[in-house]
Amino acid sequence: ARSSKAEGAPDDLAGDMRLAVTQPQGEVTLATAYKLLGQKLGLTGLSLDGPATRLGGDVEVDLASLLASGRLQGGVTDLAALQPWHGQNLTGAIKLDADLATPAGKQDARLRLDANGIAGDFGTLDSLAVDATATDALGALGIDGQVVLNGFSRPGTLVETATLTAKGALGDVQLAAQA
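The following refers to the structure shown. Note that the structure is predicted; figures quoted are calculated from it, not measured. (Residues numbered from 1 in each chain as written. Predicted model: local features only at pLDDT ≥ 70, side-chain atom pairs only at ≥ 80, totals over all residues. Heavy atoms only, no water.)

**Re the overall build of the protein**
Tallying secondary structure elements over the protein gives 1 helix and 12 strands in all. The N-to-C order of helical and strand elements in the protein reads β-β-β-β-β-β-α-β-β-β-β-β-β. Counting only C-alpha atoms and orienting by the principal axes, one finds that the protein spans roughly 65 × 50 × 15 Å. Counting every position in the protein, which comprises 179 residues, the buried fraction comes to 25%. (Helix = DSSP H or I, 4+ residues; strand = E, 2+ residues; numbered from the N terminus. Buried < 20%, exposed > 50% of the residue type's maximum accessible area, 1.4 Å probe, protein only.)

**Considering the pairing of strand β9 (residues 123–135)**
In terms of strand pairing, strand β8 (residues 108–120) meets β9 through 11 bridges, oriented antiparallel. Pairing of Arg112 across the sheet is with Asp131, part of β9. Sheet analysis places β9 next to strand β10 (residues 142–154), joined by 11 bridges and oriented antiparallel. Bridge assignment links Ala132 to a residue of β10, and that residue is Gly145. Remark: 6 residues form the turn of the hairpin made by β9 and β10, two consecutive strands paired antiparallel; Asp136 in that turn has positive phi of roughly 45 degrees. (Pairing = 2+ DSSP bridges.)

**Some points on the pairing of strand β11 (residues 157–169)**
The pairing of β10 with β11 spans 12 bridges and is antiparallel. Across the sheet, residue Arg154 finds its bridge partner in β11, namely Thr157. Bridge count between β11 and strand β12 (residues 174–178): 5 bridges; the pairing is antiparallel. Residue Thr165 lies in a different strand from β12, and its bridge partner there is Ala176. Where β11 folds back on β12, the antiparallel hairpin that results is connected by 4 residues.

**Focus: unusual backbone geometry**
The phi dihedral of Leu66 is positive, around 65 degrees, even though this residue is not glycine. One can find Leu66 in the loop between β5 (53–62) and β6 (67–76). Accessibility expressed as a relative area gives 59% for Leu66, which makes it exposed. One non-glycine residue with positive phi stands out, namely Asp136, at about 45 degrees. The topology assignment puts Asp136 in the loop between β9 and β10.

**A short note on the side chain of Thr53**
You can see Thr53 is positioned in strand β5. For Thr53, a relative accessible area of 12% gives the class buried. Within polar-contact distance, the side chain of Thr53 engages the backbone oxygen of Pro51 at 2.9 Å. (Polar contact = N/O pair within 3.5 Å; in protein donor to acceptor, adjacent residues only side chain to side chain.)

**A few points about a nonpolar patch on the surface**
A cluster of nonpolar residues, Leu19, Leu30 and Leu48, forms a patch on the protein surface that exposes about 210 Å² of accessible area. Its place among the elements puts Leu48 in strand β4 (residues 40–50). (Patch = residues over 30% accessible without salt bridge, like charges linked within 9 Å, V, L, I, M, F, W, Y side chains within 5 Å. Areas by Shrake-Rupley, 256 points an atom, 1.4 Å probe, with all protein chains shown as cover. Salt bridge = Lys/Arg side-chain N within 4 Å of Asp/Glu carboxyl O.)

**Notes on the environment of Gly139**
Inspection of the secondary structure assignment puts Gly139 in the loop between β9 and β10. Taking relative accessible area as the criterion, Gly139 reaches 48% and is therefore assigned partly exposed. In this structure, the C-alpha to C-alpha distance between Gly139 and Gln107, residues 32 residues apart in sequence, is 8.1 Å.

**What about the pattern of salt bridges?**
Scanning the entire structure with this criterion turns up 9 salt bridges. Across the pair Asp62 and Lys40 runs a salt bridge, and its minimum N-O distance is 3.1 Å. A residue pair is termed long-range when its members are at least 10 positions apart, and Asp62 in strand β5 and Lys40 in strand β4 qualify at 22 residues. Exposure remark for Asp62: the relative accessible area of 17% places this residue in the buried category.

This is a description of form; function is not addressed.
Next up, the structure:
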């Protein structure tokens, strides 16, 4: 189901929208208030909600340059609750925090993701932490990030700890791994 409302002139349009996907086990919704002013689209109260799921924030997009600024945060407290939508036998929780910025007309982004108690057909994972920053993502991409994995196991395989770091411009990125 979907619903929306819009008011104003084409170059100064505002309203809200809501899109819902329903299963017998629950509903997943995407909703936001929006304001289009010239070439700027503001999405306030942007939210993705569902069983054990809440992700939300505010984002502004420059439609001419496709640069975005804002923040999204939230997560899934129980991946099993979303089984009707993803079709997998997964358990665990994921937390996400993403920041978007446009300094000097360039797209920067920072992502922090924490996954805990993840299990599925692939095996089990105690924790996974990602902390990554991209600078000038639509131009001369630079990366500074780290992924730390703890306690991955599946029959015949055990990884107690593994760390991957990446730093530098995309064409000259320096990678380091430790397990």
